[in-house]
Structure formats: structure tokens, C-alpha cells
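Residue-level structure breakdown
Here is what each chain is made of, one letter per residue.
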Amino acid sequence: MGILVENISKKYQNTTAIQDISFEVNKGELFGLIGPDGAGKTTIFRIVTTLLIPNSGKVTVAGLDVVQQYKQIRNIVGYMPGKFSLYQDLTVEENLQFFATIFGTTISENYHLIKDIYTQIEPYKARRAGALSGGMKQKLALCCALIHKPKVLFLDEPTTGVDPVSRKEFWEMLKRLKQFGITILVSTPYMDEASLCDRIALIQKGKILKIDTPQRLIQNFSKIIWNIKSSNKYLLLEDLKAFEHKHSVFAFGDSMHFIAKTDLVSKKEIENYLKTKNHSDIEVNKIEPTIEDIFMDLS
Amino acid sequence: MKIILFIIQKEFKQIFRNKAMLPLLFVMPFMQLLILSNAASFEIKNIKIGFVNHDNSQTSYKLISKFQSVSIFSLSENFSTIKDAEASMEQGKVDVIVEIPNHLEKKLLNDNQTSLSVIINAIDGAAAGIENVYVTQVIKDFNQSIKSELVMTSFDSENKPYFNVIAIPSFWYNNTLNYKTYMVPGILVLLVTMLTLFLSGMNIVREKEIGTLEQINVTPIKKHQFIVGKLFPFWVIGLLVLTIGLLIAKIVFSIPILGNVFIIYGFAALYLMVILGIGLFISNFTETQQQSMFISWFFMVVFILMSGLFTPIESMPVWAQRITYINPIRYFVEFTRMVMLKGSDFYEVRIHFMIILAYAILVNFLAIWSYKKVN
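Source: prediction; values computed, not measured.

With respect to the pairing of strand E11 (residues 225-229) of chain A
Residues and elements named next belong to chain A.
- In terms of burial, E11 is largely enclosed, as 4 of its 5 residues are buried.
- In terms of strand pairing, E11 meets strand E13 (residues 255-260) through 4 bridges, oriented antiparallel. Counterpart to Trp226 in the pairing with E13 is Phe258.
- When E11 meets strand E14 (residues 283-287), the two strands line up antiparallel, connected through 5 bridges. The residue of E14 that forms the bridge with Ile228 is Val284.

Structural data, given as C-alpha cells:
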């Protein structure tokens, strides 16, 4: 039993944060909530971690109801909030000790779970948490969330504000945690991290757009994506928006990703169109879609 | 229990790692007691007095010299007209003007009574009141002596014996009316209250502010474990500050502690629960340390001014006196003065104990009830 979310909605005064959200996370699965800031990811986390009561819908975590059985849930889940929330004025070791004790366990009892991660920050164990670098803080927070051997782990944007190398390391650690059978729900605004999850839910404006494995999402995406470059980036975007065959276009790094209304539009046609608009150094290539392309297409 | 002890331990670690904390605990009591009790004095000295003497008789000079012989009137000046004197008051050069009318002596001899005018600068109402008392005292004194002189010199046929009643006040519990004896116990209360209210109020909000509370809430920690663990250190700190304050009062100011010290500690222990409860209550309704601080200040200012510490409760209007009944500081101030200066025993302060106990139960009930782990 992992996590089961059925038709939950939450309103804050007049704004609807999430609407009719449903998804299921299997035991031992690494499930990602992918969406931009303000999509409602944190609201979902606060509901599944028993901190917030939904206006409607039902959520069970490891078979326990989040409203009725929240006390039991708090014993078996680990939560890492989006904001770094350990005691900055306690040392690395003291923080870990604190979380072990309040869960009624000891560091040594579950050391095997955190060993891989903790050895990286162990040289700084006498240092105050506030003096750690961003990546180190995340590792410590993960250790603290794991120290009581949770059945389910909730990670709300764990890699936001962390450098690319630390981000990569962090995801590798998550993969290793799966071997212990821990169910992990993780959220991220970074589309490139989506492919590292077993399954993902794309969410925007409080609604789920699609749920599937990243691979299948890409496979099932039938539209052709054109990667287009030219010397004048700004005009290129404007001109492609005005193109009669346009379905969607958005900037992706230093090029444009263009989807035509039909797949019948050829490379030649696009090039000719851009030439009439006086573009030079035109490059048009077919590319494999990424999660970001799918997200942009859906939203 | 183990978890509570662990939270307490963690809390103490954090408190003593806070650089501002140690000076706050040890320097602040010392400074406040030292500065406030020496500076905040109601005694008025160096009153500048001016005279306008229209009479120029022997009696009028006697009156003036009577004033000059009193040491609190530091400077006296003579003006020829009332206009000059008033101008001088406007410039702040004199505080009191005594105007002696024409024919003062004559009227006294003929009619046995006369009047003179006294003008007092009342920008500072409290000071003016005290100055008025001093001036009236001198004039009354003068009255007595002039009366007996008149009686002696007038050779009244009936020649009644002249009786004069003088009241000699005796100030109980503070023989010399030493201002510090009266203030120090009160300031001590203020100190203990301020420190514990501010620190406890800010402490829980701080966990909210830095986000740790959210993390703590998703743990099996129970409400009572967390609250007791967070507040107990401040209860200890409150008693520690009280101890430091009592030592300073005894050693530096030689304030008598006539009553039993254990009664003081017993009361303080209960009283601190009230203050900590208020602190917790405030932190439940605030999101940042700043908000908590402002709200605590608001309560503090009202509590202090309505506590009878600086202004006697008896001199407040009736509605204000009623408000003081819900002011916990009022009871502690009254209590410390009773026990320290008067040596009251438990039986005499039992009402104070009962009120504070009821208060502690009520406040903590409200605070715990309003503390929520879930939204």
C-alpha cells in the first residue's frame, strides 16, 4: 500500500488551490509531481502529510486515512518540506539526534538507511546546520526525514535552489532508497528531473494534466517537434506565432520548439516561410520530445 | 517523558547559543534595577521659586525667608511686577510664583485673615501636585507661627489659650519613605515578566518562521510534550532572573526581604505559568517574531501602567481600577511588596495565590486549546 488520493479539492478563501486531484502511488514507487510554481504541489503535500484537511476527497497513506488516522501516519512517514526547516543553530549531529529521538529511535538503529548519504556530511557533523552549503543542507534534511525508517517519504521540491551536481547526486540517492521498499512522493518544477521518476503526474493550475511513466508519455506523444533557430530570436518567435500552420511555439534555450497543426507540414515549408520573413542562418530539425514539450503542449 | 527531556535539552542548547541571550539574562536585570530604581524617583528637588512682594512689610519678608530656609526651594528670585514673574515662568526660569498682596500685614492684624496667590507651572502634572503640597506646607507653617505671634502681641482681653495640633506621620513598612524600597520589588516583577513573556512568545513563533514547526508537526510528538518542552526552559529562566534580581535587591539596595523567600518562589512559579501561557497564546496567533513582539509590547505597556507599579491603583478612576483586576502584574507587584516589605505570610497572601492559580489554569487552557497542529 502506497498512497491513494481520490478526488481531493482545497480552497483557500476564494482561490482554488487544487481541484479534483486523484492519483495512486504504488508501494516502493518513486512518483513525481511535476508542475510550475503555483500549480498546487505544496498544497497536495500538506494534505498527504496530514497538515492540511482537504475540502473534499479522500486520501490514504499506507492504508491509513489522513483525517482520521493522522496520528498513526505521523509515525510512519518522513517529510522534507520545500523550505529548509532544520534547526540552524544545532549541529548536523544534533539535528539528526533530535529527529531520531522524537521518533523514538536512535541513529545507530537505522544507520544503514542513511549511511550512503550521511557519510558525505559526516566530516561536518560538528558544524551548525546553518553554516552548511545548500546541497549539504538537503542531504542532512533527507537524513533527518529517513532516520526513523519511514514507509513513505514525502519530498517537496527537494532540489529547488540546489546546484546541478548536487541535484544529480540527490536523485541518485533517491534511486538507491527504492531498494529499501520506501514509497517516495517527490515534487519538482524541473522538467528534466521528471524522467528520473518511475511515474509522473503533470499538474498545472491545481489540475492533473496526465499521469504515466515518463517513457510512455514520450512514446505516446505523436506530434512532431521542430527545433528551429535563426539569427533573430525575438522576431523568430513572433513570426512563428504568426505562421498559419502553428499549433504551438515556445522558446527552449536558444531555439524555438514548434509544433505544427498537422504532421504534413514539411521542413521545407517552414524554411521557406522563414525566408520570406527575412530570417538568416535558419536551422530546422526534427527532435525527440522532452517532458517539457509534452507539458507545454498539454497546458 | 524522555521526549520532553530531550526537547528541553535541545531548547537550552539553542537558548545559550543565542548570542544575545546571556547578556539579556544577566546584564538586563542589573541595568534595569540599577538605572530604573535610581532614576525613576518621584521626589522633587530644586524647585525654583519667584516672589512678587507688593506688601514689603516685616511679615511678608518673614514669609519669604521661610520659603528660602526650605532646602528644596533651590533658587529664589524677586520680581517687582507679576508680569515679570510670569514672563520668567514662560521661559522656564521659575516653577512657582508666590504673589504677596498689598497690606498683607495690615489685613492680618485687622481681619485675622488674608489671601495670597500661588502660581505653579503644571506642564508636569505630577510634579505640580507635589510642589503644591510643599508650598502649602510652608504657608501653613508660617500661618501657625504668625498666629501665635499675633495672639501674643494683640493682648486680647479674653486671652484664650492657643491650641495647636500637629500631626506626626509614621510610615509603616518603609520608615524613611525610601523610594527604592518601594520601587525595587516592583521593578523586579517587571523584569521577570518582560523577559519571560517576550522570550516565550518569540520562541514558538520562531519555529513557525523558520519552518521547523511544519516538520515537527509531521512527527509523533504530542502537543503537550512540545509545549512543555518549549516553555519549561523559560520557566527556569524566569526563576533564575528572579533570583538574580532578589540578590541585587538585597546586596546592592539593601531592600528588606521580611517574608519567606519560599513563598516568593512559590508564587513566582505559578505566576510564570500565567506569563508563559500568555506568550504561547500570542505565538499561536502570530506568524513572525516581529508580530509577536509588537503584540507582547502592547500587553506589556497596558499591564505595566495598570499594575500600580508607578501610579497607585487607589488613585485611578473606578473603571480603571476594575481593569486592574485582570492584570496579573498587579497581583505580583502587590504580592512582592507585601511579602518583601511587610513580611506577609502565606495566609495573608492566599487570595493572591488563588487568583494567580485560577489565572494560570485559564490562560493555559486557552493557549493549549488554540494551539493546533493541523490547519
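The discussion continues.
Here we look at the pattern of salt bridges
- In this structure the tally under the stated criterion is 22 salt bridges over all chains.
- The partner of Lys41 of chain A in a salt bridge is Glu157 of chain A, and the shortest N-O contact between them spans 3.3 Å. Placement of Lys41 of chain A in helix H1 (residues 41-48) and of Glu157 of chain A in the loop between strand E7 (152-155) and helix H6 (164-177) is noted, with a sequence separation of 116 residues between them. Both residues of the pair, Lys41 of chain A and Glu157 of chain A, belong to the buried class.
- For Lys10 of chain B, the salt bridge goes to Glu11 of chain B, with nearest N and O atoms at 3.0 Å. Residue Lys10 of chain B shares its accessibility class with Glu11 of chain B, and that shared class is buried.
- In the salt-bridge network here, residues are joined through shared partners; they are Lys10, Glu11, Glu207 and Lys230 of chain B.

Observations regarding the interface of chain B and chain A
- Contact with chain B, which involves 24 residues of that partner, is made by 28 residues of chain A.
- Across the interface of chain B and chain A, roughly 2700 Å² is buried in total on both sides, 60% from carbon and sulfur atoms.
- On the chain B side of the contact with chain A, Arg17, Gln215 and Val218 of chain B bury the most area, a combined 26% of that side's loss.
- Run the count over chain B and chain A and you get 4 salt bridges.

Let's talk about a nonpolar patch on the surface
Residue and element names in this part refer to chain B.
- On the surface, Phe16, Leu22, Phe26, Val27, Met31, Ile35 and Leu240 cluster together into a nonpolar patch covering about 610 Å² of accessible area.
- Broken down by element, the nonpolar patch gets its largest block of residues, 5 residues, from helix H2 (residues 21-39).
- Looking at the secondary structure, you find Leu22 in helix H2.

Remarks on the confidence of the model for chain B
All names here are of chain B.
- In the predicted model, chain B carries a mean pLDDT of 84, and the fraction of residues at 70 or more is 90%.
- Looking over chain B, one finds the lowest element-wise mean pLDDT in helix H6 (residues 125-154), namely 76, and the highest in helix H10 (residues 261-284), namely 93.
- This stretch, residues 159-163, has a pLDDT under 50; its non-local contacts, to residues over four places away or in other chains, come to 3 contacts.
- At the level of chain-chain contacts, confidence expressed as ipTM amounts to 0.77, with global pTM at 0.76.

Let's talk about helix H9 (residues 267-276) of chain A
All names here are of chain A.
- Here H9 has its buried residues at Ile270, Glu271, Tyr273 and Leu274. Projected down its long axis, H9 shows its buried positions confined to an angular sector of 160°, all on one face. Turned more than 90 degrees away from the buried face of H9, the exposed residues are Lys268, Lys275 and Thr276.
- Contacts made by the buried residues of H9 are with E11, helix H8 (233-242), E13 and E14.

Structural notes on the sheet that holds E11 of chain A
Residue and element names in this part refer to chain A.
- With antiparallel pairing, 4 strands are arranged side by side in an open sheet as E12-E13-E11-E14. A strand with exactly one partner marks an edge of an open sheet, and here the two such strands are strand E12 (246-252) and E14. The average angle at which neighbouring strand axes cross in this sheet is 25°, direction not considered.
- Here H8 sits on the sheet and contacts E11, E12 and E13; the angle it forms with E12, its principal contact strand, is near 165°.
- Across the sheet, helix H10 (residues 291-298) lies against E11, E12 and E13, angled at about 135° from E12, the strand it touches most.

A look at the sheet that holds strand E5 (residues 64-65) of chain A
Residues and elements named next belong to chain A.
- Pairing is antiparallel in the open sheet, where 4 strands are placed in the order E2-E1-E4-E5. Two strands in the sheet have a free side with no partner beyond their single neighbour: strand E2 (15-25) and E5.
- Judged from the 7 bridges that link them, strand E1 (residues 3-12) and E2 form a sheet pairing that is antiparallel. Each bridged residue has a counterpart across the sheet, and for Ile8 the counterpart in E2 is Ile21.

Each value, and the rule that gives it
- Counting from 1, residues in each chain are numbered in the order their sequence is written.
- Note on labels: chains are lettered from A, ligands numbered from 1, in written order.
- In keeping with the model being predicted, local features are shown solely for residues with a pLDDT of at least 70 and side-chain atom pairs are shown and tallied solely at 80 or more, while totals for entire chains, interfaces and linings include all residues.
- Calculated side-chain values reflect all of the structure's heavy atoms, with hydrogen atoms and water omitted.
- For each residue, the accessible area found with a 1.4 Å probe, counting protein chains only, is set against the maximum for its type, and the residue is called buried under 20%, exposed over 50%, and partly exposed in between.
- In this text, helices come from DSSP runs of H or I with a minimum length of four residues, and strands from runs of E with a minimum of two, each type numbered from the N-terminal end.
- Strand pairing is assigned whenever DSSP detects at least two bridges linking the two strands.
- The term salt bridge refers to a pairing of a side-chain nitrogen on Lys or Arg with a carboxyl oxygen on Asp or Glu at a separation within 4 Å.
- Residue contacts are counted whenever heavy atoms from the two residues lie within 4.5 Å of one another.
- When two parts are brought into contact, each loses some accessible area as probed by a 1.4 Å sphere; the total of that loss over both is the buried area.
- Surface patches are drawn from residues lacking salt bridges whose relative accessible area is over 30%; two like charges belong together within 9 Å, two nonpolar side chains (Val, Leu, Ile, Met, Phe, Trp, Tyr) within 5 Å.
- In this description, accessible areas are obtained by the Shrake-Rupley approach with a 1.4 Å probe, and a residue is regarded as covered only by the protein chains that are shown.
- Confidence of the predictor at the level of single residues is given by pLDDT, which spans 0 to 100.
- This arc is taken over the directions from the axis of the helix to the C-beta atoms.
- Lines fitted to C-alpha atoms define the axes here, with helix axes fitted over just the stretch in contact, and angles between the N-to-C directions of these axes take values from 0 to 180 degrees.

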